[in-house]
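Here is what each chain is made of, one letter per residue.
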Amino acid sequence: MTASETADRGRPAQRQAEIAEYVMQQGSVSAADLAEMFHVSLMTVHRDLDELEKQGVVRKFRGGVSAQPSSVFESNVSYRLRAARTEKLALAQRARELVEPGMAVMLDDSTSTLELARLLVDAGPLTVITNFLETIKLLSGVRGIRLLSLGGEYYATHDSFLGVPCMEAIEALRVDLLFASTSAVSGSYAYHQEQEIVLVKRAMIRCAQRSVLLVDHTKLGRVALHRVAPLRDFDLVLTDAGAPAETLREMRENGVAYEIV
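Residues numbered from 1 in each chain as written. Predicted model: local features only at pLDDT ≥ 70, side-chain atom pairs only at ≥ 80, totals over all residues. Heavy atoms only, no water.

Trainee: Is there a simple way to explain the sheet that holds strand β6 (residues 145–149) in this structure?
Mentor: Sheet strands pair by backbone hydrogen bonding; their relative direction is either parallel or antiparallel. With respect to topology, seven strands assemble into an open sheet ordered β6-β5-β4-β9-β12-β14-β15, the strand pairing being parallel. This sheet does not close on itself; its edge strands, each paired only once, are β6 and β15 (258–260). In this sheet, adjacent strand axes meet at a mean angle of 20 degrees when their direction is disregarded. Relative to β6, strand β5 (residues 126–130) is paired through five bridges, and the arrangement is parallel. Its bridge partner lying in β6, Thr 130 is registered against Ser 149. (Pairing = 2+ DSSP bridges. Helix = DSSP H or I, 4+ residues; strand = E, 2+ residues; numbered from the N terminus. Axes fitted to C-alpha atoms, helices over the stretch in contact; angles between N-to-C directions.)

In C-alpha coordinates form, the structure reads like this:
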(Lines give C-alpha, C1' and ligand atoms only; values in the text may rest on other atoms or scores of the structure.)
Protein backbone atom coordinates (compact mmCIF):
# COMPACT_ATOMS: atom_id res chain seq x y z
CA MET A 1 0.00 0.00 0.00
CA THR A 2 1.40 3.42 -0.96
CA ALA A 3 1.74 6.33 1.48
CA SER A 4 -1.10 8.08 -0.34
CA GLU A 5 -3.40 5.05 -0.02
CA THR A 6 -2.48 4.75 3.66
CA ALA A 7 -3.37 8.40 4.21
CA ASP A 8 -6.71 7.97 2.38
CA ARG A 9 -7.57 4.95 4.47
CA GLY A 10 -6.82 6.99 7.58
CA ARG A 11 -9.60 9.42 6.69
CA PRO A 12 -12.85 8.40 8.46
CA ALA A 13 -15.13 8.82 5.43
CA GLN A 14 -12.83 6.82 3.13
CA ARG A 15 -12.28 4.13 5.75
CA GLN A 16 -16.00 3.84 6.44
CA ALA A 17 -16.72 3.46 2.73
CA GLU A 18 -14.16 0.65 2.50
CA ILE A 19 -15.51 -1.02 5.64
CA ALA A 20 -19.05 -0.86 4.22
CA GLU A 21 -17.86 -2.37 0.94
CA TYR A 22 -16.06 -5.19 2.74
CA VAL A 23 -18.99 -5.99 5.05
CA MET A 24 -21.37 -6.09 2.08
CA GLN A 25 -19.05 -8.51 0.31
CA GLN A 26 -18.65 -10.78 3.34
CA GLY A 27 -22.15 -10.48 4.83
CA SER A 28 -20.87 -10.45 8.43
CA VAL A 29 -17.49 -9.73 10.02
CA SER A 30 -16.07 -9.22 13.51
CA ALA A 31 -15.01 -5.80 14.76
CA ALA A 32 -11.60 -7.23 15.75
CA ASP A 33 -10.97 -8.40 12.17
CA LEU A 34 -11.86 -4.95 10.84
CA ALA A 35 -9.51 -3.26 13.33
CA GLU A 36 -6.66 -5.50 12.21
CA MET A 37 -7.46 -5.10 8.52
CA PHE A 38 -7.66 -1.30 8.64
CA HIS A 39 -4.81 -0.85 11.16
CA VAL A 40 -6.91 1.14 13.63
CA SER A 41 -8.02 0.64 17.22
CA LEU A 42 -11.11 -1.32 18.17
CA MET A 43 -12.59 1.93 19.52
CA THR A 44 -12.12 3.60 16.12
CA VAL A 45 -13.77 0.68 14.35
CA HIS A 46 -16.77 0.87 16.66
CA ARG A 47 -17.10 4.60 15.95
CA ASP A 48 -17.04 3.83 12.23
CA LEU A 49 -19.62 1.09 12.64
CA ASP A 50 -21.85 3.37 14.71
CA GLU A 51 -21.82 5.86 11.82
CA LEU A 52 -22.55 3.17 9.23
CA GLU A 53 -25.38 1.82 11.36
CA LYS A 54 -26.83 5.32 11.65
CA GLN A 55 -26.80 5.50 7.84
CA GLY A 56 -28.66 2.17 7.65
CA VAL A 57 -25.80 0.43 5.84
CA VAL A 58 -25.09 -2.22 8.50
CA ARG A 59 -26.34 -3.44 11.85
CA LYS A 60 -24.12 -4.07 14.83
CA PHE A 61 -24.26 -7.11 17.06
CA ARG A 62 -22.10 -8.11 19.99
CA GLY A 63 -18.55 -8.40 18.67
CA GLY A 64 -19.28 -7.68 15.05
CA VAL A 65 -21.36 -6.22 12.27
CA SER A 66 -23.61 -7.54 9.51
CA ALA A 67 -25.13 -6.33 6.27
CA GLN A 68 -27.55 -9.25 6.24
CA PRO A 69 -31.22 -8.71 7.12
CA SER A 70 -32.79 -9.64 10.44
CA SER A 71 -36.40 -9.67 11.59
CA VAL A 72 -36.21 -5.92 12.26
CA PHE A 73 -33.45 -4.77 9.88
CA GLU A 74 -33.74 -4.69 6.10
CA SER A 75 -30.46 -4.83 4.22
CA ASN A 76 -29.18 -1.74 2.48
CA VAL A 77 -29.98 -1.70 -1.24
CA SER A 78 -26.26 -2.01 -2.05
CA TYR A 79 -26.14 -5.38 -0.29
CA ARG A 80 -29.41 -6.55 -1.82
CA LEU A 81 -28.15 -5.77 -5.32
CA ARG A 82 -25.43 -8.40 -4.79
CA ALA A 83 -27.59 -11.11 -3.23
CA ALA A 84 -29.07 -14.09 -5.15
CA ARG A 85 -28.43 -12.52 -8.56
CA THR A 86 -28.82 -15.79 -10.49
CA GLU A 87 -32.13 -16.61 -8.82
CA LYS A 88 -33.48 -13.08 -9.30
CA LEU A 89 -32.62 -13.16 -12.98
CA ALA A 90 -34.48 -16.47 -13.41
CA LEU A 91 -37.53 -15.02 -11.65
CA ALA A 92 -37.37 -11.90 -13.81
CA GLN A 93 -37.19 -13.93 -17.02
CA ARG A 94 -40.37 -15.79 -16.09
CA ALA A 95 -42.08 -12.57 -15.02
CA ARG A 96 -41.18 -10.98 -18.35
CA GLU A 97 -43.29 -13.62 -20.11
CA LEU A 98 -46.37 -12.25 -18.33
CA VAL A 99 -45.90 -8.74 -19.73
CA GLU A 100 -47.76 -7.86 -22.92
CA PRO A 101 -47.49 -4.72 -25.08
CA GLY A 102 -49.88 -1.97 -24.06
CA MET A 103 -50.00 -2.95 -20.39
CA ALA A 104 -49.60 -0.65 -17.41
CA VAL A 105 -47.09 -2.38 -15.14
CA MET A 106 -46.11 -1.35 -11.61
CA LEU A 107 -42.75 -2.34 -10.10
CA ASP A 108 -41.96 -1.95 -6.42
CA ASP A 109 -38.56 -0.88 -5.05
CA SER A 110 -37.09 -4.38 -4.83
CA THR A 111 -33.90 -5.56 -6.50
CA SER A 112 -35.89 -8.52 -7.85
CA THR A 113 -38.13 -6.25 -9.92
CA LEU A 114 -35.07 -4.25 -10.98
CA GLU A 115 -33.90 -7.39 -12.78
CA LEU A 116 -37.28 -7.46 -14.53
CA ALA A 117 -36.95 -3.77 -15.46
CA ARG A 118 -33.73 -4.60 -17.30
CA LEU A 119 -35.75 -6.99 -19.49
CA LEU A 120 -38.43 -4.41 -20.34
CA VAL A 121 -36.30 -2.16 -22.52
CA ASP A 122 -37.65 -3.86 -25.66
CA ALA A 123 -41.16 -4.56 -24.33
CA GLY A 124 -42.89 -1.40 -25.48
CA PRO A 125 -45.32 0.03 -25.94
CA LEU A 126 -45.59 -0.16 -22.16
CA THR A 127 -46.42 2.07 -19.22
CA VAL A 128 -44.18 1.42 -16.22
CA ILE A 129 -44.85 2.89 -12.78
CA THR A 130 -42.31 2.66 -9.96
CA ASN A 131 -40.97 4.32 -6.81
CA PHE A 132 -37.47 2.81 -7.19
CA LEU A 133 -34.92 5.42 -8.28
CA GLU A 134 -32.65 2.81 -9.86
CA THR A 135 -35.50 1.61 -12.08
CA ILE A 136 -36.46 5.18 -12.94
CA LYS A 137 -32.89 5.90 -14.08
CA LEU A 138 -32.75 2.62 -16.00
CA LEU A 139 -35.96 3.17 -17.98
CA SER A 140 -35.89 6.93 -18.44
CA GLY A 141 -35.51 7.75 -22.10
CA VAL A 142 -36.18 4.19 -23.29
CA ARG A 143 -38.23 4.26 -26.50
CA GLY A 144 -41.66 2.70 -26.13
CA ILE A 145 -41.67 3.04 -22.32
CA ARG A 146 -44.01 5.58 -20.81
CA LEU A 147 -42.50 6.05 -17.35
CA LEU A 148 -44.45 7.27 -14.31
CA SER A 149 -42.44 7.89 -11.16
CA LEU A 150 -44.11 7.71 -7.77
CA GLY A 151 -42.97 10.59 -5.58
CA GLY A 152 -42.71 10.85 -1.84
CA GLU A 153 -39.99 11.06 0.77
CA TYR A 154 -36.66 9.70 -0.46
CA TYR A 155 -35.13 6.89 1.62
CA ALA A 156 -31.44 6.37 0.82
CA THR A 157 -31.37 2.91 2.44
CA HIS A 158 -33.87 1.70 -0.16
CA ASP A 159 -33.05 4.20 -2.93
CA SER A 160 -36.78 4.76 -3.28
CA PHE A 161 -39.65 7.10 -2.52
CA LEU A 162 -42.08 6.24 0.28
CA GLY A 163 -44.53 7.86 2.68
CA VAL A 164 -47.97 9.41 2.33
CA PRO A 165 -47.36 11.23 -1.00
CA CYS A 166 -46.24 7.95 -2.57
CA MET A 167 -49.29 6.10 -1.26
CA GLU A 168 -51.64 8.82 -2.51
CA ALA A 169 -50.07 8.65 -5.97
CA ILE A 170 -50.54 4.87 -6.04
CA GLU A 171 -54.16 5.10 -4.92
CA ALA A 172 -54.95 7.36 -7.89
CA LEU A 173 -53.90 4.62 -10.34
CA ARG A 174 -55.20 1.29 -11.63
CA VAL A 175 -52.63 -0.99 -13.27
CA ASP A 176 -52.82 -4.26 -15.17
CA LEU A 177 -49.93 -5.97 -13.38
CA LEU A 178 -47.93 -5.45 -10.22
CA PHE A 179 -44.57 -7.13 -9.74
CA ALA A 180 -43.33 -6.98 -6.18
CA SER A 181 -41.00 -8.70 -3.78
CA THR A 182 -40.49 -8.78 -0.03
CA SER A 183 -37.79 -9.70 2.44
CA ALA A 184 -39.47 -12.61 4.22
CA VAL A 185 -42.14 -15.27 3.67
CA SER A 186 -43.39 -17.57 6.39
CA GLY A 187 -46.43 -19.81 6.44
CA SER A 188 -48.98 -18.19 4.19
CA TYR A 189 -47.87 -14.56 4.66
CA ALA A 190 -45.35 -12.11 3.24
CA TYR A 191 -43.46 -10.00 5.80
CA HIS A 192 -41.17 -6.98 5.86
CA GLN A 193 -39.11 -5.19 8.50
CA GLU A 194 -40.24 -1.61 7.88
CA GLN A 195 -43.74 -0.22 8.14
CA GLU A 196 -43.16 2.48 5.50
CA ILE A 197 -42.37 -0.24 2.96
CA VAL A 198 -45.32 -2.37 4.11
CA LEU A 199 -47.84 0.43 3.66
CA VAL A 200 -46.62 1.20 0.13
CA LYS A 201 -46.66 -2.47 -0.90
CA ARG A 202 -50.22 -2.87 0.40
CA ALA A 203 -51.33 0.18 -1.60
CA MET A 204 -49.68 -1.30 -4.69
CA ILE A 205 -51.52 -4.60 -4.27
CA ARG A 206 -54.84 -2.76 -3.98
CA CYS A 207 -54.28 -0.78 -7.19
CA ALA A 208 -53.42 -3.80 -9.37
CA GLN A 209 -55.81 -6.02 -11.28
CA ARG A 210 -53.24 -8.83 -11.00
CA SER A 211 -50.18 -9.05 -8.76
CA VAL A 212 -47.14 -11.30 -8.87
CA LEU A 213 -44.71 -11.83 -5.98
CA LEU A 214 -41.08 -12.61 -6.82
CA VAL A 215 -39.24 -14.29 -3.92
CA ASP A 216 -36.03 -16.23 -4.24
CA HIS A 217 -35.54 -19.17 -1.87
CA THR A 218 -33.33 -17.21 0.57
CA LYS A 219 -36.42 -15.27 1.69
CA LEU A 220 -38.58 -18.32 2.36
CA GLY A 221 -39.09 -19.65 5.86
CA ARG A 222 -38.09 -16.30 7.36
CA VAL A 223 -40.10 -13.77 9.32
CA ALA A 224 -39.87 -10.01 9.74
CA LEU A 225 -41.57 -7.59 12.09
CA HIS A 226 -44.53 -6.51 9.95
CA ARG A 227 -47.01 -8.62 8.02
CA VAL A 228 -47.43 -7.31 4.47
CA ALA A 229 -50.26 -9.49 3.15
CA PRO A 230 -51.47 -13.07 2.80
CA LEU A 231 -49.78 -14.83 -0.09
CA ARG A 232 -53.27 -15.50 -1.49
CA ASP A 233 -53.53 -11.76 -2.17
CA PHE A 234 -51.07 -12.38 -5.00
CA ASP A 235 -52.33 -14.03 -8.15
CA LEU A 236 -49.01 -15.82 -8.51
CA VAL A 237 -45.92 -16.39 -6.38
CA LEU A 238 -42.70 -17.06 -8.31
CA THR A 239 -39.81 -18.74 -6.54
CA ASP A 240 -36.79 -20.82 -7.50
CA ALA A 241 -35.74 -24.46 -7.25
CA GLY A 242 -34.00 -23.86 -3.93
CA ALA A 243 -37.34 -23.36 -2.18
CA PRO A 244 -37.72 -25.61 0.90
CA ALA A 245 -40.22 -28.45 0.48
CA GLU A 246 -41.91 -27.47 3.74
CA THR A 247 -42.59 -23.93 2.50
CA LEU A 248 -44.04 -25.22 -0.77
CA ARG A 249 -46.25 -27.64 1.13
CA GLU A 250 -47.60 -24.79 3.27
CA MET A 251 -48.36 -22.79 0.14
CA ARG A 252 -50.30 -25.67 -1.40
CA GLU A 253 -52.26 -26.26 1.80
CA ASN A 254 -53.19 -22.57 1.97
CA GLY A 255 -54.33 -22.38 -1.65
CA VAL A 256 -51.46 -20.18 -2.81
CA ALA A 257 -50.79 -20.25 -6.56
CA TYR A 258 -47.04 -20.63 -7.00
CA GLU A 259 -44.58 -21.57 -9.69
CA ILE A 260 -40.96 -22.74 -9.47
CA VAL A 261 -38.60 -21.32 -12.08
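Trainee: Help me understand the pattern of salt bridges, please; the structure alone is not making it clear to me.
Mentor: Close approach of charged atoms lets side chains of opposite charge pair. Per the counting criterion, the structure on display carries twelve salt bridges. The shortest N-O distance in the salt bridge between Asp 108 and Lys 201 comes to 2.7 Å. Of this pair, Asp 108 sits in the loop between β4 (104–107) and α7 (111–118) while Lys 201 sits in helix α10 (residues 195–207); the two residues are 93 residues apart in sequence, bridging distant segments of the chain. Lys 201 shares its class with Asp 108; the two are buried. When the shortest N-O distance is used, the salt bridge between Arg 249 and Glu 253 registers 2.5 Å. Residue Arg 249 and its partner Glu 253 are located together in helix α11 (residues 245–253), separated by four residues, close to a single helical turn. With a relative accessible area of 56%, Glu 253 lands in the exposed category. Residues participating in the shared-partner salt-bridge network are Arg 85, Glu 115 and Arg 118. (Salt bridge = Lys/Arg side-chain N within 4 Å of Asp/Glu carboxyl O. Buried < 20%, exposed > 50% of the residue type's maximum accessible area, 1.4 Å probe, protein only.)

Trainee: Looking at this structure, I do not really get the packing of helix α3 (residues 31–38) against helix α4 (residues 42–54). What am I missing?
Mentor: How two helices pack is summed up by the angle between their axes together with the distance between the axes. Two elements in contact, α3 and α4, have axes whose closest approach is 9 Å; the angle formed by their N-to-C orientations is 110 degrees. One finds that α3 runs roughly perpendicular with respect to α4. Counted together, Ala 31, Ala 32, Leu 34 and Ala 35 of α3 and Leu 42, Val 45, His 46 and Leu 49 of α4 form the full contact between these two elements. When the residues that make up the contact of α3 with α4 are grouped by side-chain class, the tally is seven nonpolar, one polar and no charged. (Parallel < 35°, antiparallel > 145°, perpendicular 65-115°, else oblique. Contact = heavy atoms within 4.5 Å. Nonpolar A, V, L, I, M, F, W, Y, C, P; charged D, E, K, R; others polar.)

Trainee: Help me out: how do you make sense of the sheet that holds strand β13 (residues 226–230) in this one?
Mentor: Reading across from one edge, β10-β11-β13 is the order of the three strands in this open sheet, with antiparallel pairing throughout. Looking at strand neighbours, the two that pair on one side only are β10 (184–186) and β13, the edges of this open sheet. Going across the sheet, the axis of each strand differs from the next one's by a mean of 35 degrees, ignoring polarity. Relative to β13, strand β11 (residues 189–192) runs antiparallel, the two being bridged by four bridges.

Trainee: Sorry, what's going on with the side chain of Asp 48 here?
Mentor: Within the secondary structure layout, Asp 48 lies in helix α4. On the accessibility criterion, Asp 48 (3% relative accessible area) is buried. The residues contacting Asp 48, other than those within four sequence positions of it, are Arg 15, Gln 16 and Ile 19.

Trainee: Hey, could you run me through the nonpolar core in this one?
Mentor: Nonpolar side chains tend toward joint burial in soluble globular proteins. Met 106 and Ile 170 are the most contacted members of the largest nonpolar core, which totals 33 residues. Looking at this core, the elements with two or more residues in it are β4, α9 (164–171), β9 (175–180), α10, β12 (208–214), β13 and α11. By residue number, the principal contributor to this core is α10, which donates seven residues. If we ignore the near neighbours within four places in the chain, the residues touching Met 106 are Ile 129, Leu 150, Ile 170, Leu 173, Val 175, Leu 177, Leu 178, Phe 179, Met 204 and Cys 207. Counting residues in hydrophobic clusters, the runner-up holds 23 residues, among them Leu 120, Val 142, Leu 236 and Leu 238. (Core = buried A, V, L, I, M, F, W, Y, C linked by side-chain atoms within 4.5 Å.)

Trainee: What is the right way to look at unusual backbone geometry in this model?
Mentor: Most peptide bonds take the trans form, and the phi angle of most residues other than glycine is negative. The residue after Gly 124, namely Pro 125, is reached through a cis peptide bond having omega 5 degrees. Examined against the element boundaries, Pro 125 turns out to sit in the loop between α7 and β5. Of note, the phi angle at His 39 is positive, near 55 degrees, even though the residue is not glycine. Counting through the fold element by element, His 39 comes out in the loop between α3 and α4. Phi angles above zero are rare outside glycine, and Asp 159 is one such case at about 55 degrees. Following the sequence through the fold, Asp 159 ends up in the loop between β7 (153–155) and β8 (160–162). The exposure class of Asp 159 is buried, given its relative accessible area of 11%.

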